[in-house]
Protein chains: 2
Amino acid sequence: MQAEIISIGTELLLGEIIDTNAAWIARQLTTIGLNLYYKVTVGDNQGRIADILRNSLRRSEVIITTGGLGPTVDDVTREAVAEATNRDLVLDEALVAEVAGFFARMGRPMTANNRKQACLPRGAHVIHNPVGTAPAFAVEQEERVIICLPGVPHEMQYLMEHAVLPWLRARYGLTGVIKSRIVHTCGIGESAVDAQIGDLMHLANPTVGTLAHPGQTDVRIAAKADSEAEAEALIAPVVSELRARLDEYIYGADGETLASAVSALLVEHGLTLALADGVTSGELNLALSQGAQGRKGLVGSLVAPGVAALLEALGLSTEGAPSAAAGARAAEAVRRLYGADLGLALVGPDDPTDAAAGMIYISLAHADGVAQAEPRVPRAGPSGRGWLLHGALDVVRRHLLGLEIR
Amino acid sequence: MQAEIISIGTELLLGEIIDTNAAWIARQLTTIGLNLYYKVTVGDNQGRIADILRNSLRRSEVIITTGGLGPTVDDVTREAVAEATNRDLVLDEALVAEVAGFFARMGRPMTANNRKQACLPRGAHVIHNPVGTAPAFAVEQEERVIICLPGVPHEMQYLMEHAVLPWLRARYGLTGVIKSRIVHTCGIGESAVDAQIGDLMHLANPTVGTLAHPGQTDVRIAAKADSEAEAEALIAPVVSELRARLDEYIYGADGETLASAVSALLVEHGLTLALADGVTSGELNLALSQGAQGRKGLVGSLVAPGVAALLEALGLSTEGAPSAAAGARAAEAVRRLYGADLGLALVGPDDPTDAAAGMIYISLAHADGVAQAEPRVPRAGPSGRGWLLHGALDVVRRHLLGLEIR
């Protein structure tokens, strides 16, 4: 069984907006064991969309389109499906009434254009859309199916979850599932992870692979099985093995971020944290506040560009270059300023991306003193920022877990 | 002349990483007047990539692929191009020497796998890659061309700019250009912009359209012409007209953000700004620090969750709910704390996304007093955050330009 996704919209094609729908659909299809082999993006042009659909019908059983179902002249998905499957368009009066009902509930006027949205290729199955005005539909053609969904992400997601996935399972007797678990590590590089778990990467089911991010290495375990429970049973022992081998480097799994893991640890230990941030321009505070625990545990930040401005704002003397000693003073001062249990300071050169300008010091003040991480060499770019954020958060995580600070 | 982009990589297909290359290439192609009609994503599978290439060769003159040029067994773009164009792969010894040179310069060992990267389809033109290890190439086939670029964004971009675009211009005698200008407004909604400039949206060349973002409405002007100068000449009077009509709402154009515009105004006026942030968790500081002026003008932030924590950290008494008066005290206090010319305070409910919990107050302390913006109702979600950030930045912009604060 082969599936493909067709994203329709000139703005997607020209890169004016990023297509997040296709990635979301791809992940959903893998959960029901459908293999996705192609993803095509095409502009709002009936002839070209129809060409693409004819191509897709030759090679794939399930074709899912997004976009082009609105009321304007640009929206031509209905016409293109009719053309590609040699059908005419017919007005579905029941659907007109449904769309009219939606507009009435929203207190908005229904225009003549909206009737166009109820014109579907002859024989199409309507996929009722209670969360928007664009009716979706499916057309079966010689054991294949074209499923047309709106481009608005929340409408598309609602219809996939409530209508399309259940229908595909039933229609094609899809009993297989693919489940995956992602185990997140920090403070250890991809090659060191490879060295620890290389043998597991030769397993056939579940498969095990690594994926490197700045400051974080993920291990992905994916199992194919007849049921979710069976897939879970295949995955669980591998996760246990990973936990045994990578142990203190593992901070969480799946949707968890290091920031949310640290946030949860703070709440669990009933401790508060304040930040003296001379390096990340507030990004560390923002990351910590976006975890599942929200802003709990985090009592605030003092942010300033560079060590001198930071120490001055903390009421400290500002002599000297960034150093572990300056970091310790800042960490203790911000801990006092906010009356927090922990004070984390990042001090570094005025340009925290300039490797030649000096080191970045991460210091954590707590009730019994100050812990120092190994100084970091500044790195530029988004990956440099991610690497530093993870390094700083990992200092807090290790302190809270009683692990050695590195 | 028809172009298409093929993005190669299973991780792109499965939505594990977002494809930003295709959007970037799409924008570059429009600048040389090449029309992009299709964008296809395919996994790391030689047969399927070859199928896609055969399809593309039937309909498009210029085919650009990204990805699959690395040294691992997963990297099969070279093999797929050879298959689709009925060529064999031949080792290019000069290219081996070039790759070896790159590794030598980086002080990294070259493996046997890296030799594979120098095996190209017979007759391919090498596109030399001084910024990475993956050699790129182009294969001409019956008046059509397949151009294969690496997937690493900075390598791909370098090769497009330095080799591919100049080559395409010369090879196909492309003299037409499409140029666009984007004018950014803030503090005015899309429908109000439409009402001001609706007549301009009927122009044929340049075309004029609007695009709404949280807290910001863009106007895009796009012109087709034989040269950049001609296109500019078509665009300029429309931009002047927009400036006349939208005047104080326009903060910048093209790549400029409101944060960078505010940052530039601070530097231009020789003024410094400090933030008392009880609402955005440091995001406002981060946004301001990411403009072209970097951290100039911005002297720091005091960040705390909620008004009580913020006032306490500023050494102020913490009685009372969020209010304009509390905002004014925080703005003045943070201005003093950092010794800044301007102090901007955001105070609001402990949950700054809860519309029922009270209003958000934006206050700007300056040498002559405190300016207050109209209180904002909290809004949830990323668009609510964007709207609030733009609102706060616009207060500073309007103050610096001597405009009424709203």
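Owing to the predicted nature of the structure, the values given are computational and were not obtained by experimental measurement.

Observations regarding the overall build of chain A
And step 1. The number of helices and strands found in chain A is 14 helices and 17 strands.
And step 2. Scaling as 2.2 N^0.38, a compact globule of 406 residues should have a C-alpha radius of gyration of about 22 Å, whereas chain A reaches 27 Å, well beyond that.
And step 3. For the C-alpha atoms alone, the extent of chain A along its principal axes is close to 80 × 50 × 40 Å.
And step 4. Counting over 406 residues, chain A shows a buried share of 48%.
And step 5. Long-range pairs, those at least 24 residues apart, make up 66% of the contacts in chain A with a sequence separation of at least 6.

Considering the interface of chain B and chain A
And step 1. Listed by partner, the interface residues are 39 residues for chain B and 39 residues for chain A.
And step 2. Broken down by secondary-structure element, the contributors of at least two residues to the side of chain B that touches chain A are helix 2 (21-31), strand 2 (35-42), helix 3 (46-59), helix 11 (283-289), strand 14 (298-303), helix 12 (307-313) and helix 13 (324-338) of chain B.
And step 3. The leading source of residues in the side of chain B that touches chain A is strand 2 of chain B, at seven residues.
And step 4. Residue composition of the side of chain B that touches chain A, grouped by class: 23 nonpolar, 11 polar and five charged.
And step 5. Sheet analysis places strand 14 (residues 298-303) of chain A next to strand 14 of chain B, joined by three bridges and oriented antiparallel. Note that in strand 14 of chain B the partner of A:Leu302 across the bridge is B:Leu302.

A word on the relation of the copies chain B and chain A
And step 1. When chain B is fitted to chain A, the residual RMSD is 0.8 Å, and the transformation amounts to a turn of 179° plus an axial shift of 0.8 Å. The operation mapping one copy onto its partner corresponds to a two-fold rotation axis.
And step 2. Both copies present the same face, since 100% of the interface residues in chain B are matched by interface residues at the equivalent positions in chain A.

Overview of the packing of helix 8 (residues 190-197) of chain B against helix 9 (residues 228-246) of chain B
Residue and element names in this part refer to chain B.
And step 1. Relative orientation of the contacting elements helix 8 and helix 9 amounts to 115°, with a least axis distance of 10 Å. For the element pair helix 8 and helix 9, the recorded crossing hand is right-handed. Counting all contacts with helix 8, which are made through Val 193, Gln 196 and Ile 197, the residues of helix 9 involved are Leu 242, Arg 245 and Leu 246.
And step 2. Partitioned by chemical class, the residues of the contact of helix 8 with helix 9 number four nonpolar, one polar and one charged.

Focus: the domain arrangement of chain A
And step 1. You can read the domains of chain A as domain 1 (2-172), domain 2 (177-253) and domain 3 (258-400).
And step 2. For domain 1 of chain A versus domain 2 of chain A, the separation of C-alpha centres amounts to 36 Å.

Considering the sheet that holds strand 16 (residues 361-366) of chain A
And step 1. One open sheet accounts for 10 strands, arranged 17(A)-16(A)-15(A)-13(A)-14(A)-14(B)-13(B)-15(B)-16(B)-17(B); its pairing is mixed. Every interior strand has two partners, whereas the edge strands, strand 17 (369-372) of chain A together with strand 17 (369-372) of chain B, have only one. For this sheet, the mean inter-axis angle between neighbouring strands, taken without regard to orientation, is 15°.
And step 2. Sheet analysis places strand 16 of chain A next to strand 17 of chain A, joined by four bridges and oriented antiparallel. Bridging from a neighbouring strand, A:Leu364 pairs with A:Ala371 of strand 17 of chain A.
And step 3. Running over the sheet, helix 13 (residues 324-338) of chain A touches strand 13 (273-277), strand 14, strand 15 (342-347), strand 16 and strand 17 of chain A and is turned about 140° from strand 15 of chain A.
And step 4. Helix 14 (residues 381-400) of chain B contacts strand 13 (273-277), strand 15 (342-347), strand 16 (361-366) and strand 17 of chain B of the sheet and is inclined by roughly 30° relative to strand 16 of chain B.

Notes on the nonpolar core
And step 1. Counting 112 residues, the largest nonpolar core has A:Leu310, A:Ala330, A:Val334, B:Leu310, B:Ala330 and B:Val334 as the members making the most contacts within it.
And step 2. Ignoring any residue separated from it by four or fewer positions in sequence, one finds B:Leu310 in contact with B:Ala276, B:Gly278, B:Leu302, B:Ala304, B:Ala330 and B:Val347.

Thoughts on the pairing of strand 3 (residues 62-66) of chain B
All names here are of chain B.
And step 1. The buried count for strand 3 comes to five of five residues, which makes it a mostly enclosed element.
And step 2. Summarising the sheet, strand 1 (residues 2-8) and strand 3 pair through five bridges and their orientation is parallel. Directly across from Ile 6, in strand 3, lies its bridge partner Thr 65.
And step 3. Relative to strand 8 (residues 144-149), strand 3 is paired through five bridges, and the arrangement is parallel.

Some remarks on the environment of A:Pro375
Residues and elements named next belong to chain A.
And step 1. In this structure, Pro 375 sits in the loop between strand 17 and helix 14 (381-400).
And step 2. In sequence terms Pro 375 and His 125 are 250 residues apart; their C-alpha atoms lie 63 Å from each other.
And step 3. Those residues within four positions of Pro 375 in sequence are excluded, and the remaining contacts are Met 359, Ile 360 and Tyr 361.

A word on unusual backbone geometry
And step 1. Cis geometry is found at the peptide bond from A:Asn205 to A:Pro206, where omega equals 5°.
And step 2. Tracing the backbone through its elements, the reader meets A:Pro206 in the loop between helix 8 (190-197) and strand 10 (207-213).

Looking at the sheet that holds strand 9 (residues 177-186) of chain B
All names here are of chain B.
And step 1. Strand order in the open sheet made by the four strands is 10-11-9-12, with antiparallel pairing throughout. Two strands lie at the open edges of the sheet, namely strand 10 (207-213) and strand 12 (250-253), each paired on one side alone. Mean inter-strand twist for the sheet, computed between neighbouring axes without regard to direction, equals 25°.
And step 2. One ladder, built from three bridges, connects strand 9 with strand 12; its direction is antiparallel. Within the sheet, the bridge partner assigned to Thr 185 lies in strand 12 and is Ile 250.
And step 3. Docked against the sheet, helix 8 engages strand 9, strand 10 and strand 11 (216-225), running at close to 160° with respect to strand 10.

Regarding helix 14 of chain B
Residue and element names in this part refer to chain B.
And step 1. Compared with an ideal rise of 1.5 Å per residue, which puts 20 residues at 28 Å, helix 14 spans 29 Å between its outermost C-alpha atoms and is within 8% of the ideal.
And step 2. For helix 14, a buried count of 14 out of 20 residues is recorded, marking the element as mostly surrounded by other parts of the structure.
And step 3. Directly after helix 14, the chain includes Gly 402, whose backbone phi takes a positive value near 70°.

Rules of the game
Residues numbered from 1 in each chain as written. Chains lettered and ligands numbered in written order. Predicted model: local features only at pLDDT ≥ 70, side-chain atom pairs only at ≥ 80, totals over all residues. Helix = DSSP H or I, 4+ residues; strand = E, 2+ residues; numbered from the N terminus. Rg over C-alpha atoms; globule rule 2.2 N^0.38 Å. Buried ≥ 20, exposed ≤ 12 C-beta atoms within 10 Å, placed from the backbone. Contact = placed C-beta atoms within 7 Å. Nonpolar A, V, L, I, M, F, W, Y, C, P; charged D, E, K, R; others polar. Pairing = 2+ DSSP bridges. Least-squares fit on C-alpha atoms with pLDDT ≥ 70 in both. Axes fitted to C-alpha atoms, helices over the stretch in contact; angles between N-to-C directions. Left-handed = near helix turned anticlockwise from the far one by under 90°. Domains from an automatic or database assignment. Core = buried A, V, L, I, M, F, W, Y, C linked by C-beta atoms within 7 Å. Expected span 1.5 Å × (residues − 1).

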